[in-house]
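The chain contents come next:
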There are 2 protein chains.
Amino acid sequence: MTRIAIDAMGGDHAPHEVVAGAVWGAYEYGVALELVGKQDRIEQELDRISSEGFYSDCGKGGKPRRIKIDTSKLDIKITHSSEVIEMGEAPGQAIRKKKKSSIVLAVDAVATGSSDAVVAAGSTGAAMAASLFGLGRIPGIDRPAIAVTLPTIKRPIVVIDAGANSNCTAEMLYQFAIMGSTFSKNILGIENPRVGVLNIGEEAGKGNELAQATYKLLEENQGKLNFVGNIEGKEIFLSVCDVVVCDGFVGNVTLKVTEGTAQMLFRIIKESFKSDLMGKIIGLMAKPFMKKVYGKINYEEFGGALLLGVKGITVISHGRSKAYAIKNAVRVAKEAVETGVNEKIAKFHEE
Amino acid sequence: MTRIAIDAMGGDHAPHEVVAGAVWGAYEYGVALELVGKQDRIEQELDRISSEGFYSDCGKGGKPRRIKIDTSKLDIKITHSSEVIEMGEAPGQAIRKKKKSSIVLAVDAVATGSSDAVVAAGSTGAAMAASLFGLGRIPGIDRPAIAVTLPTIKRPIVVIDAGANSNCTAEMLYQFAIMGSTFSKNILGIENPRVGVLNIGEEAGKGNELAQATYKLLEENQGKLNFVGNIEGKEIFLSVCDVVVCDGFVGNVTLKVTEGTAQMLFRIIKESFKSDLMGKIIGLMAKPFMKKVYGKINYEEFGGALLLGVKGITVISHGRSKAYAIKNAVRVAKEAVETGVNEKIAKFHEE
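The model shown is predicted, which means the values in this text are computed figures rather than measured ones.

Caption draft 1: View of the overall build of chain A. Secondary structure summary: chain A contains 12 helices and 13 strands in total. For chain A, the C-alpha radius of gyration of 21 Å lies close to 20 Å, the compact-globule estimate for 351 residues. Seen along its three principal axes, the alpha-carbon backbone of chain A occupies a region of about 60 × 60 × 35 Å. Here chain A, with 351 residues, has 61% of them falling under the buried criterion. The contacts in chain A between residues at least 6 apart in sequence include a share of 72% that link residues at least 24 apart. With the model as given, the accessible surface of chain A reaches about 14,000 Å², and the carbon-plus-sulfur share is 50%.

Caption draft 2: Representation of the interface of chain B and chain A. Between chain B and chain A, the contact holds 54 residues from the first and 54 residues from the second. Together, the buried faces of chain B and chain A total about 4,900 Å²; carbon and sulfur atoms form 74% of this surface. Here chain B and chain A share two salt bridges between them. Linking Glu232 of chain B and Lys256 of chain A is a salt bridge whose minimum nitrogen-to-oxygen distance equals 2.3 Å. Where chain B touches chain A, the interface holds 12 residue pairs in polar contact (both at pLDDT 80 or more). Elements supplying a minimum of two residues to the side of chain B that touches chain A: strand 9 (194–199), helix 7 (209–220), helix 8 (248–273) and helix 9 (277–297) of chain B. Counting residues per element, the side of chain B that touches chain A draws most heavily on helix 8 of chain B, at 20 residues.

Caption draft 3: View of the relation of the copies chain B and chain A. Overlaying chain B on chain A yields an RMSD of 0.0 Å, the required transformation being a rotation through 180° with an accompanying axial translation of 0.0 Å. Expressed as an axis order, the relation between the two copies is that of a two-fold axis. Most of the interface of chain B is mirrored in chain A, where 100% of its interface residues are also at the interface.

Caption draft 4: Just the sheet that holds strand 1 (residues 3–7) of chain B, in detail. Residue and element names in this part refer to chain B. Across the sheet, 11 strands lie side by side as 5-2-1-6-13-12-7-8-11-9-10; this open sheet has mixed pairing. Strands with a single pairing partner mark the edges of an open sheet, and in this sheet they are strand 5 (76–80) and strand 10 (226–232). On average, each strand axis in the sheet is inclined to that of its neighbour by 25°, with strand direction left out of account. Sheet analysis places strand 9 next to strand 10, joined by six bridges and oriented parallel. Residue pairing in the sheet places Leu198 in a bridge with Ile231 of strand 10. Contacts from helix 6 (residues 170–186) reach strand 7 (145–150), strand 8 (157–160), strand 9, strand 11 (243–245) and strand 12 (305–308) within the one sheet, and its direction differs from that of strand 11 by about 165°.

Caption draft 5: Quick peek at helix 8 (residues 248–273) of chain A. All names here are of chain A. A rise of 1.5 Å per residue sets the reference length of helix 8, with its 26 residues, at 38 Å; its end C-alpha atoms lie 38 Å apart and thus fit the reference within 8%. Among the 26 residues of helix 8, 22 are classified as buried, and the element is accordingly described as predominantly covered. At the N-terminal end of helix 8, a side-chain oxygen is found 2.8 Å from the backbone nitrogen of Phe249, two or three residues along, and the residue is Asp247.

Caption draft 6: Just the packing of aromatic side chains, in detail. Residue and element names in this part refer to chain A. On inspection of all chains with the given rule, the structure shows eight aromatic pairs over all chains. An aromatic cluster of at least three residues, connected via ring pairs, comprises Trp24, Phe54 and Tyr324. Its guanidinium or amino end placed over the ring of Trp24, Lys327 lies 4.9 Å from that ring's centre, counting from NZ or CZ.

Caption draft 7: Expanded view of the environment of Ala14 of chain A. Residue and element names in this part refer to chain A. Checked against the element boundaries, Ala14 lands in the loop between strand 1 (3–7) and helix 1 (16–29). By relative accessible area, which is 25% here, Ala14 ends up partly exposed. Residues Ala14 and Ile42 lie 28 residues apart in sequence; the distance between their C-alpha atoms is 9.9 Å. If we skip the residues at most four places from it in the chain, Ala14 touches Ala8 and Met9.

Caption draft 8: Here's a closer look at the pattern of salt bridges. Residues and elements named next belong to chain A. For the structure shown, the criterion picks out 25 salt bridges over all chains. When the shortest N-O distance is used, the salt bridge between Asp242 and Arg194 registers 2.9 Å. Linking Asp242 in the loop between strand 10 (226–231) and strand 11 (243–245) with Arg194 in strand 9 (residues 194–198), this pair joins segments that are 48 residues apart in sequence. The class for Asp242 is buried, based on a relative accessible area of 1%.

Caption draft 9: How the structure looks around the sheet that holds strand 12 (residues 305–308) of chain A. Residue and element names in this part refer to chain A. Strand order across the open sheet formed by 11 strands is 5-2-1-6-13-12-7-8-11-9-10, with mixed pairing between neighbours. At either end of the open sheet lies a strand with only one pairing partner, and these are strand 5 (76–80) and strand 10. Looking at each pair of strands side by side, their axes are set apart by 25° on average, direction ignored. Its contacts with the sheet put helix 5 (residues 124–135) on strand 6 (117–120), strand 7 (145–150), strand 12 and strand 13 (313–316), and the angle it makes with strand 13 is roughly 175°.

Caption draft 10: Main features of the packing of helix 8 of chain A against helix 8 of chain B. Direction vectors running N to C along helix 8 of chain A and helix 8 of chain B enclose 40°, while the axes themselves pass 9 Å from each other. Considered as vectors, helix 8 of chain A and helix 8 of chain B are oriented oblique to each other. Of the two elements, helix 8 of chain A crosses helix 8 of chain B, and the hand of that crossing is right-handed. Together, Phe249, Val250, Val253, Thr254, Val257, Thr258, Thr261, Ala262, Leu265, Phe266 and Ile269 of chain A of helix 8 of chain A and Phe249, Val250, Val253, Thr254, Val257, Thr258, Thr261, Ala262, Leu265, Phe266 and Ile269 of chain B of helix 8 of chain B make up the contact between the two elements. Looking at the contact of helix 8 of chain A with helix 8 of chain B residue by residue, the classes come out as 16 nonpolar, six polar and no charged.

Procedures and definitions
Residues numbered from 1 in each chain as written. Chains lettered and ligands numbered in written order. Predicted model: local features only at pLDDT ≥ 70, side-chain atom pairs only at ≥ 80, totals over all residues. Heavy atoms only, no water. Helix = DSSP H or I, 4+ residues; strand = E, 2+ residues; numbered from the N terminus. Rg over C-alpha atoms; globule rule 2.2 N^0.38 Å. Buried < 20%, exposed > 50% of the residue type's maximum accessible area, 1.4 Å probe, protein only. Contact = heavy atoms within 4.5 Å. Areas by Shrake-Rupley, 256 points an atom, 1.4 Å probe, with all protein chains shown as cover. Buried area = accessible area lost by both parts, 1.4 Å probe. Salt bridge = Lys/Arg side-chain N within 4 Å of Asp/Glu carboxyl O. Polar contact = N/O pair within 3.5 Å; in protein donor to acceptor, adjacent residues only side chain to side chain. Least-squares fit on C-alpha atoms with pLDDT ≥ 70 in both. Pairing = 2+ DSSP bridges. Axes fitted to C-alpha atoms, helices over the stretch in contact; angles between N-to-C directions. Expected span 1.5 Å × (residues − 1). Phe/Tyr/Trp six-rings, centres within 6.5 Å; stacked < 30°, edge-to-face > 60°. Lys NZ or Arg CZ within 6 Å of the ring centre and 35° of its normal. Parallel < 35°, antiparallel > 145°, perpendicular 65-115°, else oblique. Left-handed = near helix turned anticlockwise from the far one by under 90°. Nonpolar A, V, L, I, M, F, W, Y, C, P; charged D, E, K, R; others polar.

Below you can see the structure in the form of structure tokens.
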């Protein structure tokens, strides 16, 4: 049985929502858990989930429903950790100083084989640093990168790197393309995924030095990947490619702008309906439809980003993750383990 | 009377929509025009506007209404141009080769003082190159930059650079901050505009080398500008600052991702209402409210981006601009002339 290690102390809603989401995921996807964090706090949460249950809006943004799961029937191991790395700490320093922190021990669980993957909703930097030092790099990959799945009008698209590396070279972006393709194929089930370089125009000569050099490198290696050229920001959502390659700075801005635009729009729409009584009535009627839309683009559905390029599975969840998002992160972790996405990335380089 | 030169041949809907929008703007904002392009085509359009009129949805995305304006009562000068620079052409080469192209002659009109500003909806690169060579740089500004206004939940925000410079230095971004602040104050009427650096985290040490160096430079010059620190992608729309500074690559991706996300959302919302009969009815009732929202975020309302840093006013409109967007671009051009935004940028450096 696949066992997922969870940093039970990481994230804005830890440990309450994180433990709840982990248990929910274990129950729904049939995996075992290794909950890493303060033992008494975790036990307390587990008791509560069995007796009172917990509440979740199931990613629909509406009224939460109660979910009760008998945790005694699940395969749950607790690994005690006395320290927590906080959001503001310098990642590299923090993981060296806090060797008994929940994120370091959770990654260790994967390194030693006690668990098969780790889910972390705390500091992204700490999760990355802990994974890099604890698991090591896949041969042929210079720098791990974060792969994030975004909704489009058709099928989901992978953006890589979504924030692990702010300063990149074309060689790094080429490796991101390999990792992104492997992710798209194995986790999203997309055959021969189309790879695009995020750029500010279609033509080969467009963009900054990095985008131009990456275009050239991908073109030269056309046989190995399904490179379809440059992709502009607005095309990301039109499903014209399956993997968007960019440096971690641009990728992170892209993700956050997408999130920010959607949030603003929903807010403006809500306010627009409030303008008069008729609007309020129509707004109420439109609510279930808007909720459906919200569900389609909600990051919670995607559960988390995969840190690709390390010898092990690390799923990085949003710091604001609640139970539903963590549950989906467990699903992503399980799929990554079962499809052997890392082994396939390593294999790509051997071929 | 302020006279606005219009590249009548530039853009996807030129000359029909461009001439219509220019006339509309002249009529509404009381400016004179200098229409640059094929004389017979322009005269034909002017005749049609006077006799039959033209149609516009007025930026609301709904049923277009007919607008008829007696062009003989307006102060319109036509400057014949035999050549057009197409979208695909290399800008630098094209403006040197096609010295009689509509964009080059339209910029010349400003350089010689025959007009006070130029509006261009064709190739952005050509408009930039023509402006740089035709008008020259403002002393103290190394590279002109594109300032774009974006909607937020409160008041509009300026993003600079939105695509003029793909490879930037911190010094350039510092100058963008000066130009963006001057724009925000003079065109948008915002007192003491707050300047933020687009970054992937709040802390000073976050982001790529450029963002870090820009942060430092802005901090050192704190007295000259109202620097408020790093701004993340999702905060752009929360009105936490008034000017967002970034390189043209990141800025362009940001704009296009915003546009793409909004388009996708509207499409998903539309489809969601189509799911059943009840949805169709509610969708119909909700339409006027959605239209109001669409109007609020529609780029056509903002009319165009200003190319800042050149000795003259160049308004760059979206290539897809229709009459309504061009009309608003005329408004932006007029405001830029009247507020003397360029003189104020030049003055900043003298102080």
